[in-house]
Structure formats: structure tokens, C-alpha cells
Amino acid sequence: MTRLIAKSPLAGVLPVEVEGAALREVAVDRMTSIAPFKGKERAVSAALKEALGVGFPAPNRSAAKNGARIVWTGRGQAMLIGAEAPEALRGIAALTDQSDAWAVMQLEGALAEAALARLVPLDLRSGVFKRGHTARSMLFHMTCSITRVAPQGFEIMVMRSMGQTAVHDLAVAMRSVAAQSEG
């Protein structure tokens, strides 16, 4: 009988570290897409706030409290990470389990912004893209979600099937930026 072995989306390809930047996998045990039904946006936000302490995020924003994070992922959509979707959302929002669909990584360090600048067509400088800001964008040639989680740290989410490609592209950018900073 075949035995399946559970692996994380980025098993065997992370971590990647260079002078000034590190890329590590973020373990995610629970991830749910939340899309409020028409006219139910306030009710969804109130239910989230009551159950988890965070409301539905404004566009291009994220919030976190007590291990639960909610990240805006597009018009009328957010991703709840690290917590079970409250029962009160049933009937007022479309809920889709995304736990196995995404590869999540964190890029941090003094060269993180410069590395991302090579791959992302957004201004991610800290004066513009502040902690808690998030965006759906392109990472080189693939769709991603990028959230600033620290002064020199970003969380990057890509579809699981693109995880290894994202790591490769980020590692090349990290090495290139590190080599330029040495010279």
C-alpha cells in the first residue's frame, strides 16, 4: 500500500540566505478565503472583529491579532490565516479552505526591498509601502500577494504550484543585490 508523506510547499528549497537577506518558509496550518456576500460587508467585518479581534481589511491592508491574520487579496476578498473562520460568517460570506493551495515565505533583511525591486513592479520602499500594507501584484512572471510585516520584512504568497519558481527567482535577485552591495 502506498504511504503518502505530507510535505510543506517549499520543503527542500528553503531557507536561502545571503549577506543582507534571508528567505524562509512560513508555516501555515489554516488559510481561508473570505468573500462577503453583496450587502454583507459590515456584518462580516463585525463577526470577524467579535470572534478574532480583527475586522475585514480595507483594500491593500492587513491586520493581525492573537495569531489570526487577515490579508486583503482583491476586491471583496480577504485571506484569513492562522485561525478557523468564525461560524458567524456562514450565510453571509463565501468561505473557501485554501490551506493547501499557497506557498508562504518571508523575505527579510537590509537588502529585502532591493531584491524585491528587481521582481515586483511596485514601490515597496518603507516610506510608501508601510507595515500592514499589502498588494496583489506580479513577482517576475507570477501572481503574488506581498505584505510588509516588519521594517525590513515582507510576507510573500504564491500559488503552491509556483512556490519553487518563486524561491528560484527571489534567490537569484537576492544574490545579485548582495553581489552589487559588496562591490
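Each remark here, short or long, concerns the structure printed above.
Okay, so let's go over this structure. These numbers come from a predicted model, not from an experiment. (Residues numbered from 1 in each chain as written. Predicted model: local features only at pLDDT ≥ 70, side-chain atom pairs only at ≥ 80, totals over all residues. Heavy atoms only, no water.)

As summarised here, the arrangement of the six strands in space is 1-2-8-11-10-9, forming an open sheet in which the pairing is antiparallel. Each edge of the open sheet is held by one strand with a lone partner, namely strand 1 (16–18) and strand 9 (134–139). In this sheet, neighbouring strand axes are inclined to one another by 25 degrees on average, regardless of whether the strands run parallel or antiparallel. Sheet analysis places strand 10 (residues 142–150) next to strand 11 (residues 153–159), joined by five bridges and oriented antiparallel. The partner of Thr 147 across the bridge, within strand 11, is Glu 155. (Pairing = 2+ DSSP bridges. Helix = DSSP H or I, 4+ residues; strand = E, 2+ residues; numbered from the N terminus. Axes fitted to C-alpha atoms, helices over the stretch in contact; angles between N-to-C directions.)

Met 105, Leu 107, Leu 139 and Ile 156 are the most contacted members of the largest nonpolar core, which totals 33 residues. Secondary-structure elements contributing two or more residues to this core are strand 1, strand 2 (21–25), strand 8 (102–108), helix 2 (112–117), strand 9, strand 10, strand 11 and helix 3 (163–182). In terms of residues, this core owes the most to one element, helix 3, which gives eight residues. Ignoring sequence-local partners within four residues, the contact set of Leu 107 consists of Ala 21, Ala 22, Leu 23, Ala 112, Ala 115, Leu 116, Gln 152, Gly 153, Phe 154, Ile 156, Leu 170 and Met 174. With 16 residues, the next largest nonpolar core counts Leu 48, Ala 68, Ala 83 and Leu 89 among its residues. (Core = buried A, V, L, I, M, F, W, Y, C linked by side-chain atoms within 4.5 Å. Buried < 20%, exposed > 50% of the residue type's maximum accessible area, 1.4 Å probe, protein only. Contact = heavy atoms within 4.5 Å.)

Another aspect to go through is the environment of Asp 29. Within the fold, Asp 29 resides in the loop between strand 2 and strand 3 (31–36). You can call Asp 29 exposed: its relative accessible area is 63%. The residues contacting Asp 29, other than those within four sequence positions of it, are Gly 82 and Ser 99.

As a further point, take the sheet that holds strand 5 (residues 68–74). Within the open sheet, the five strands sit side by side as 4-5-6-3-7. Their pairing is antiparallel. Two strands lie at the open edges of the sheet, namely strand 4 (62–65) and strand 7 (93–97), each paired on one side alone. Looking at each pair of strands side by side, their axes are set apart by 20 degrees on average, direction ignored. Inspection of the sheet shows strand 3 paired to strand 7 by five bridges, in the antiparallel sense. In the sheet register, Ser 33 faces strand 7, and the bridge partner there is Thr 96.

Let us now look at unusual backbone geometry. Cis geometry marks the peptide bond from Leu 14 to Pro 15, where omega comes out at 10 degrees. The residue Pro 15 is located in the segment before strand 1 in this model. Residues other than glycine seldom take positive phi values, yet Asn 66 does so here, at roughly 50 degrees. Following the sequence through the fold, Asn 66 ends up in the loop between strand 4 and strand 5. Overall, the relative accessible area of 75% leaves Asn 66 in the exposed class.

Tracing the backbone shows Thr 134 in strand 9. At 2.7 Å, the side chain of Thr 134 and the side chain of Thr 147 are in polar contact. The contacts of Thr 134, once residues within four sequence positions are left out, are Asn 60, Arg 61, Ser 62, Val 71, Trp 72, Phe 129, Ser 145, Ile 146 and Thr 147. (Polar contact = N/O pair within 3.5 Å; in protein donor to acceptor, adjacent residues only side chain to side chain.)

Attention now goes to the pattern of salt bridges. Evaluated as defined, the whole model comprises eight salt bridges. Note that Glu 155 is salt-bridged to Arg 69, the shortest N-O span being 2.7 Å. Placement of the pair is Glu 155 in strand 11 and Arg 69 in strand 5, with a sequence separation of 86 residues. Look at Glu 155 and you get buried, because its relative accessible area is 4%. Connected through salt bridges with shared partners, the residues Glu 17, Arg 24 and Glu 108 form a single ionic network. (Salt bridge = Lys/Arg side-chain N within 4 Å of Asp/Glu carboxyl O.)

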